[in-house]
Amino acid sequence: MIPTIGVMIGAYILFRCFETLLFAPSRYGSGNRFSVAMVAAVLLALLILICMLSLLTSGQAGP
């Protein structure tokens, strides 16, 4: 059950990262802030995917 909850939370974070990637550049004060936010969103999405895969592969077998 715990891996399932972790995957659900990971999916939520992934969707928030993808939402950040879709924001308009004008939402940020400068081009540097936009670049930092995009790089952070991509790196966080990759990290979350790795964690979700780890949760899925380390789940307990059984009912």
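Summarised in this report is the structure supplied together with it. (Residues numbered from 1 in each chain as written. Predicted model: local features only at pLDDT ≥ 70, side-chain atom pairs only at ≥ 80, totals over all residues. Heavy atoms only, no water.)

**Structural notes on the overall build of the protein**
Basically, it comes down to this: Secondary structure elements are defined from DSSP: runs of H or I of at least 4 residues count as helices, runs of E of at least 2 residues count as strands, and each element is numbered from the N terminus. When we talk radius of gyration, it's over C-alpha atoms, and the globule rule is simply 2.2 Å times the number of residues to the 0.38. Exposed residues in this analysis have more than 50% of their type's maximum accessible area, buried residues have under 20%, and partly exposed residues fall in between, with area computed by a 1.4 Å probe over protein chains only. Here, residues are in contact when the closest pair of their heavy atoms is within 4.5 Å. Computed by Shrake-Rupley with a 1.4 Å probe, the accessible areas treat only the displayed protein chains as cover when residues are assessed.
A count of helices and strands for the protein gives two helices and zero strands. Here the C-alpha atoms of the protein give a radius of gyration of 15 Å, more than 25% beyond the 11 Å that 2.2 N^0.38 yields for 63 residues. Split into buried and exposed, the 63 residues of the protein put 17% on the buried side. Here the contacts in the protein between residues at least 6 apart in sequence split such that 58% fall between residues at least 24 apart. Surface summary for the protein: the accessible area is close to 4900 Å², and the carbon and sulfur share equals 73%.

**A closer look at the state of the cysteines**
The cut-off we apply is this: Disulfides are defined in this document as cysteine sulfur pairs within 2.5 Å.
For the coordinates displayed, the defined rule picks out zero disulfides. Residue Cys17 stays outside any disulfide, its sulfur separated by 12 Å from that of Cys51, the closest cysteine. What makes Cys51 partly exposed here is its relative accessible area of 39%.

**Remarks on the nonpolar core**
Condition: We define the nonpolar core as a collection of buried residues of types Ala, Val, Leu, Ile, Met, Phe, Trp, Tyr and Cys that are connected through side-chain atoms lying within 4.5 Å of one another.
Counting seven residues, the largest nonpolar core consists of Val7, Leu14, Cys17, Ala41, Ala45, Ile48 and Met52. Elements represented by at least two residues in this core include exactly helix H1 (2-21) and helix H2 (31-57). In terms of residue count, H2 provides more of this core than any other element does, four residues in total.

**Description of the packing of H1 against H2**
Short version of the rule: In this analysis, axes come from line fits to C-alpha atoms, helices being fitted only over the stretch in contact, and the angle between any two N-to-C directions falls in the range 0 to 180 degrees. Angles below 35 degrees are treated as roughly parallel, those above 145 as roughly antiparallel, those between 65 and 115 as roughly perpendicular, and all remaining angles as oblique. It is the rotation of the near helix from the far one that decides the hand of a crossing: anticlockwise by less than a right angle makes it left-handed, clockwise makes it right-handed. For this classification, Asp, Glu, Lys and Arg are treated as charged, while Ala, Val, Leu, Ile, Met, Phe, Trp, Tyr, Cys and Pro are nonpolar and the rest, including Gly, are polar.
Packing of H1 against H2 leaves a shortest axis separation of 9 Å and a crossing angle of 160°. With respect to each other, H1 and H2 are oriented roughly antiparallel. Read as a crossing pair, H1 and H2 show a hand that is left-handed. Contacts between H1 and H2 involve Pro3, Gly6, Val7, Gly10, Ala11, Ile13, Leu14, Cys17, Thr20 and Leu21 from the first element and Ala37, Met38, Ala41, Val42, Leu44, Ala45, Ile48, Leu49, Met52, Leu55 and Leu56 from the second. Of the residues contributing to the contact of H1 with H2, the split by class is 18 nonpolar, three polar and no charged.

**What about H1?**
An α-helix turns once every 3.6 residues. As a result, residues three or four positions apart point the same way. How we decide: Take the residue count of a helix, subtract one, and multiply by 1.5 Å to get its expected span. Directions pointing from the helix axis toward each C-beta atom define the arc.
Taking 1.5 Å per residue as the helical rise, H1 with its 20 residues ought to reach 28 Å, and the 29 Å between its terminal C-alpha atoms agrees with that figure. Buried within H1 are the following residues: Val7, Gly10, Leu14 and Cys17. Buried residues of H1 fall within an arc of 80° about the axis and therefore sit on the same side. Residues Met8, Tyr12 and Phe15 are exposed on H1 and point more than 90 degrees away from its buried face. Next to the buried residues of H1 lie H2.

By themselves these figures say nothing about function.
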